[in-house]
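Per-entry structural report
In case you want the letters, here they are:
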Amino acid sequence: RIPSIPILLDLSFDRLMLICRLPESVLLSSHVYPSVKYYLKRGDEDQCMEEMIQLLETLQEFSNICLMITIVVDRPFPDLDGVLSLFRSHKGLVRVVVFSIERP
């Protein structure tokens, strides 16, 4: 038997939430890991927090799952204190956080 390799499933927030709700979700597989890309602009921090809380609560229903999150930002930069605090409080679930700047 060939050992399985980790598969990273890179999706938007909305798509990942839909996949979480499927009765036979691919996320039930022990070698599939979700990755969500979220575009965050200044002024949308509260909405981001609400959606990330919703996503983390949903993903906690799966056993042995970890999440990679890419936050894409642009100038003027949003306030990231709240979202970083949230991710730190879920360090067992949120394993990788990537910040990407859309335009220098």
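Our subject is the structure listed above.
Per chain, residue numbering runs from 1 following the sequence as it is written. Two thresholds apply to this predicted model, a pLDDT of at least 70 for residue-level local features and 80 or more for giving and counting side-chain atom pairs, whereas whole-chain, interface and lining totals are computed over all residues. As a convention, hydrogens and water are excluded, and side-chain values are obtained from all of the structure's heavy atoms.

This next bit is on the overall build of the protein chain. Helix and strand assignments come from DSSP, with helices taken as H or I runs of at least 4 residues and strands as E runs of at least 2, each series counted from the N terminus. On a plain count of helices and strands, the protein chain comes out with 3 helices and 4 strands. Each radius of gyration is computed over the set of C-alpha atoms, and the globule rule expresses the reference value as 2.2 Å times the number of residues to the power 0.38. Its C-alpha atoms give the protein chain a radius of gyration of 14 Å, within 12% of the compact-globule value 13 Å for 104 residues. With the principal axes as the frame, the protein chain shows a C-alpha extent of 50 × 25 × 25 Å. Only protein chains enter the accessibility calculation, which uses a 1.4 Å probe; a residue whose area is less than 20% of its type maximum is buried, one above 50% is exposed, and one in between is partly exposed. Taking all 104 residues of the protein chain together, the buried fraction comes to 37%. The contact rule is simple, with two residues in contact once any of their heavy atoms fall within 4.5 Å. Considering only contacts within the protein chain whose residues lie at least 6 apart along the sequence, 78% involve residues at least 24 apart. The protein chains shown are the only cover counted for residues, whose accessible areas, like all others here, come from Shrake-Rupley with a 1.4 Å probe. Surface exposure of the protein chain reaches about 6900 Å², of which carbon and sulfur atoms provide 52%. Under the counting rule used here, the positive set is Lys and Arg, the negative set is Asp and Glu, and His together with the chain ends is not counted. Lysine's charge is taken at NZ, arginine's at CZ, aspartate's at CG and glutamate's at CD. The centroid of the 11 positive side-chain charges in the protein chain is displaced by 7 Å from the centroid of its 14 negative side-chain charges.

Let us now look at helix α2 (residues 45-59). Since one α-helical turn is 3.6 residues long, residues separated by three or four positions face the same way. Taking 1.5 Å per residue, 15 residues should reach 21 Å; α2 reaches 21 Å between its end C-alpha atoms and fits that length. Residues of α2 that are buried include every one of Glu-45, Cys-48, Glu-51, Met-52, Leu-55, Leu-56, Thr-58 and Leu-59, and no others. Here the buried residues of α2 occupy an arc of 160° about the axis, which is enough to place them on one side. Facing away from the buried surface of α2 by more than 90 degrees, the exposed residues are Asp-46 and Glu-50. Multiplying one less than the number of residues by 1.5 Å gives the expected span of a helix. Arc definition: it is the arc formed by the directions from the helix axis to the C-beta atoms.

Whether two strands pair comes down to DSSP finding at least two bridges between them. The sheet contact formed by strand β3 (residues 67-73) and strand β4 (residues 94-101) spans 7 bridges and is parallel. Note on β4: the bridge partner recorded for Leu-67 is Val-94.

Spatial ordering of the open sheet is given by β1-β2-β3-β4, a layout of 4 strands whose pairing is parallel. Only two strands of the sheet have a single neighbouring strand rather than two, namely β1 (7-12) and β4. Strand-to-strand twist of the sheet, defined as the mean angle between neighbouring strand axes without regard to direction, takes the value 20°. Pairing of strand β2 (residues 32-39) with β3, which is carried by 5 bridges, proceeds in the parallel orientation. Residue pairing for β3: Tyr-38 is matched across the bridge by Ile-71. Interaxial angles span 0 to 180 degrees and are taken between N-to-C directions of axes, which are lines fitted to C-alpha atoms, for helices over the stretch in contact. The strands touched by helix α1 (residues 13-20) within the sheet are β1, β2 and β3, with β1 carrying the most contacts at an inclination of about 120°.

Moving on, we come to the pairing of β2. Taken together, the 6 bridges between β1 and β2 define a ladder with parallel strand orientation. Counterpart to Asp-10 in the pairing with β2 is Ser-35. Here is how to tell: hold the view so the strands point away, follow the path from the first strand over the helix to the second, and if it runs clockwise the crossover is right-handed. In the classification by handedness, the crossover that spans β1, the intervening α1 and the parallel β2 is right-handed. In this view, the connection linking β2 to its parallel neighbour β3 by way of α2 has right-handed handedness.

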